[in-house]
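Chain by chain, the residues run as shown.
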Amino acid sequence: MSSLEPPARQPAVAPKAGRRWRQSLRDRLEQDNVRLLAVGYLGLLTAAEMLTVLVFAQVGLLLHFAALTLLLFHTALTWGRPIHRFLMSLAFVPLIRIVSLTLPLVGFPLFTWYLITSVPLFVAAAVVMRQLGLSWRDAGLHGRGWAWQVPIAASGLLLGYAEYVILRPEPLVERFSLGQIWLPALVLLVSTGYLEELIFRRILQRAAVERLGRGWGIAYVALFFAVLHIGYRSVADFVFVLGVGLAFGWLVHWTGNLVGVTLAHGLTR
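Residues numbered from 1 in each chain as written. Predicted model: local features only at pLDDT ≥ 70, side-chain atom pairs only at ≥ 80, totals over all residues. Heavy atoms only, no water.

Turning to helix α5 (residues 110-131), a few remarks are in order. Counting along an α-helix, one turn takes 3.6 residues, and residues three or four places apart therefore face a common direction. Taking 1.5 Å as the rise per residue, α5 with 22 residues should run 32 Å; its terminal C-alpha atoms sit 33 Å apart, in good agreement. Bending of α5 peaks at approximately 30° at the position of S118, with proline P120 no more than four residues after it. Those residues of α5 not exposed but buried are F111, T112, T117, S118, L121, A124, A125, V128 and M129. G133 sits one or two positions beyond α5 and adopts a positive phi of about 75°. (Helix = DSSP H or I, 4+ residues; strand = E, 2+ residues; numbered from the N terminus. Expected span 1.5 Å × (residues − 1). Bend = angle between axes of the 7 residues up to and from the residue. Buried < 20%, exposed > 50% of the residue type's maximum accessible area, 1.4 Å probe, protein only.)

Structure (structure tokens):
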């Protein structure tokens with residue numbers, strides 16, 4: 001080869017490698033920024049919940065409203081970028097508390113509170129799923145992993161007993177009979193068991209895993225699940241719920257099915 005012949009292909013290699021390196025650096029920086037942002041929202045919403053429960057409910061509720069507004073504006077500003085899915089899903093956390101505290105339910109039986117508050121949350125879940133391009137198969141009620149759903153559901157008996165020992169709650173019905181318990185049990189199964197698993201384990205966890213990675217995403221959602229149980233004012237229950245959230249998160253991520261954890265959650269309630 002003549003020394004005067006230009007090495008036509010050599011310069012193209014370095015720019016291509018440089019572009020890959022710069023893209024890799026941008027990806028790492030973006031991932032770090034997403035994690036910092038996630039920690040910031042976790043701190044904000046935890047503070048709002050603690051103010052609501054431990055200090056002054058009205059102040060905490062105002063902070064939840066502020067957090068919800070911020071999340072919706074942040075979602076709009078980042079629309080079309082991958083992070084908007086995470087931010088939109090995260091808006092469920094303040095929304096759950098706002099709905100549970102602002103509906104006028106004084107005088108209604110306790111189990112009907114769960115039913116009434118679940119209606120706007122189910123509507124919100126349907127809207128968010130549509131915006132995120134999730135199908136009803138993504139709602140977690142299908143045949144995948146059925147062999148594991150029976151033992152997962154049965155674990156709810158043990159989990160329910162454990163939480164009863166921790167909290168000693170007042171019973172929802174006066175007498176333990178089929179006529180007394182079938183309607184409250186159905187309401188708890190659908191309006192708390194399925195609804196909370198749909199929101200936390202399918203919508204929010206899916207978005208969190210996309211942006212934070214599998215381990216961090218599952219742990220992050222489990223933390224929020226526990227934070228929304230601060231109202232029971234029990235450290236033992238907080239740790240218990242955090243452990244349940246982690247276990248349910250891994251099971252749903254593994255099987256893609258909500259049937260087992262929904263039944264276990266309903267039995268725990």
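Rolled over the atoms, a probe as big as a water molecule pinpoints where empty space is left. Applying the stated rule across the entire model yields one cavity of 30 Å³ or more. Taken as a whole, the largest cavity holds about 100 Å³ of empty space. The wall of the largest cavity is formed by E163, F225, H229, F240, V241, V244, F248, H265, T268 and R269. Mapped onto the lining of the largest cavity, the elements with two or more residues apiece are α9 (235-255) and α10 (259-268). If one sorts the elements of the lining of the largest cavity by residue count, α9 sits on top with four residues. Each residue belonging to the lining of the largest cavity can be placed in one class, and the counts come to five nonpolar, three polar and two charged. (1 Å grid on protein atoms, 1.4 Å probe; cavity = no way out; pocket = protein on both sides within 12 Å on 5 of 7 lines; lining within 4 Å. Points joined across faces, edges and corners; volume = space filled by probe spheres on them. Nonpolar A, V, L, I, M, F, W, Y, C, P; charged D, E, K, R; others polar.)

Core analysis: the largest hydrophobic core is formed by 54 residues, its most contacted members being F86, L90, L198, F200, I203, Y220 and F224. Excluding anything up to four places from it in sequence, I203 contacts S89, F92, A125, V128, M129, L132 and L198. (Core = buried A, V, L, I, M, F, W, Y, C linked by side-chain atoms within 4.5 Å. Contact = heavy atoms within 4.5 Å.)

Examined against the element boundaries, Q149 turns out to sit in helix α6 (residues 146-167). What makes Q149 buried here is its relative accessible area of 3%. A distance of 2.7 Å separates the side chain of Q149 from the backbone nitrogen of G260, its partner in a polar contact. Ignoring any residue separated from it by four or fewer positions in sequence, one finds Q149 in contact with R144, T255, N257, V259, G260 and V261. (Polar contact = N/O pair within 3.5 Å; in protein donor to acceptor, adjacent residues only side chain to side chain.)

Okay, the environment of V244 next. With respect to the helices and strands, V244 occurs in helix α9. Its relative accessible area of 13% is what places V244 among the buried residues. When the C-alpha atoms of V244 and L159 are compared, they prove to be 8.3 Å apart, with 85 residues separating the residues in sequence.

This next bit is on unusual backbone geometry. One non-glycine residue, R233, adopts positive backbone phi at about 55°. Inspection of the secondary structure assignment puts R233 in the loop between α8 (214-227) and α9.

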